[in-house]
Amino acid sequence: QVRLAESGGGLVQPGGSLRLSCAASGIIFSDYDMGWYRQAPGKQRESVAVITSGGSTNYADSVQGRFTISRDNAKNTVYLQMNSLKPEDAAVYYCNAARWLVRFFEYWGQGTLVTVSE
C-alpha cells in the first residue's frame, strides 16, 4: 500500500520560514519524480516544485528563489524549504509521487495546511 505522509505545516508570519516533509512508503522512492502542489480556498491545485528521480528541479515562478525542493532517497523523503513566506503562499500543500512505467503511476498525500498571517 502506497502512503505519502506530509508534515511540517502550520502558522507562520509573513517573511517566516517552514520546512515541509513528505515520507513515502510502498513505492521504490528513487524511481519516482516527487512534487509539491498546493491548493488555496477557491482556487485550483497548482504545482509548486518538482524534483525528478534524477535530481532535476523545477519551480513555479511565484516561488522561484524562495522555495527549495530536495529529496533524500535513503530516507524516502522529499522536502520543501519555504522562506520569505507571503500571505498568498497560504494553502494546503500536497505531496505527489509520479512515474511512467508502461503506464502512468501517481499518488497523492493527504495534505498539510500552511497559514501565513500576522
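Check the entry above for the structure.
Residues numbered from 1 in each chain as written. Predicted model: local features only at pLDDT ≥ 70, side-chain atom pairs only at ≥ 80, totals over all residues. Heavy atoms only, no water.

Another point: the overall build of the chain. For the chain, the count of helices and strands is 0 helices and 11 strands. For the chain, the sequential pattern of α-helices and β-strands runs β-β-β-β-β-β-β-β-β-β-β. For a compact globule of 118 residues, the expected C-alpha radius of gyration is about 13 Å, and the chain comes in at 14 Å, within 12% of that figure. Expressed along its principal axes, the backbone C-alpha trace of the chain runs to roughly 45 × 25 × 25 Å. Here the chain holds 11 positive side-chain charges and 10 negative ones, and the gap between their average locations is 4 Å. (Helix = DSSP H or I, 4+ residues; strand = E, 2+ residues; numbered from the N terminus. Rg over C-alpha atoms; globule rule 2.2 N^0.38 Å. Lys, Arg positive; Asp, Glu negative; His and termini not counted. Charge placed at Lys NZ, Arg CZ, Asp CG, Glu CD.)

For the rest of this paragraph, the subject is the pairing of strand 4 (residues 33-39). When you tally the buried positions in strand 4, you get 5 out of 7 residues, the bulk of the element. Bridge analysis of strand 4 against strand 9 (residues 91-101) gives 7 bridges, and the strand direction is antiparallel. Bridging from a neighbouring strand, aspartate 33 pairs with alanine 98 of strand 9. By the bridge criterion, 5 bridges tie strand 4 to strand 5 (residues 46-51) in an arrangement that is antiparallel. Its bridge partner lying in strand 5, methionine 34 is registered against isoleucine 51. With antiparallel pairing between neighbouring strands as the criterion, strand 4 and strand 5 make up a hairpin whose turn holds 6 residues, including glycine 42 at a positive phi of roughly 80 degrees. (Buried < 20%, exposed > 50% of the residue type's maximum accessible area, 1.4 Å probe, protein only. Pairing = 2+ DSSP bridges.)

Once that is clear, we can look at the pairing of strand 11 (residues 112-116). Only one face of strand 11 is covered, namely the face carrying Thr112, Val114 and Val116; the face carrying Leu113 and Thr115 is uncovered. For strand 2 (residues 10-12) and strand 11, the ladder comprises 3 bridges, and the chain directions are parallel. When the sheet's bridge partners are listed, glycine 10 is paired in strand 11 with valine 114. Two elements, strand 9 and strand 11, share 3 bridges in a ladder whose sense is antiparallel. Looking at strand 11, one finds that tyrosine 93 is bridged to threonine 112.

We now examine the sheet that holds strand 3 (residues 18-25). The 4 strands are arranged 1-3-8-7 in an open sheet whose pairing can be described as antiparallel. For this open sheet the edge positions go to strand 1 (3-7) and strand 7 (67-72), each flanked by a neighbour on one side alone. Adjacent strand axes in the sheet meet at a mean angle of 15 degrees, parallel and antiparallel pairs treated alike. Bridge count between strand 3 and strand 8 (residues 77-82): 6 bridges; the pairing is antiparallel. Within the sheet, the bridge partner assigned to leucine 18 lies in strand 8 and is methionine 82. (Axes fitted to C-alpha atoms, helices over the stretch in contact; angles between N-to-C directions.)

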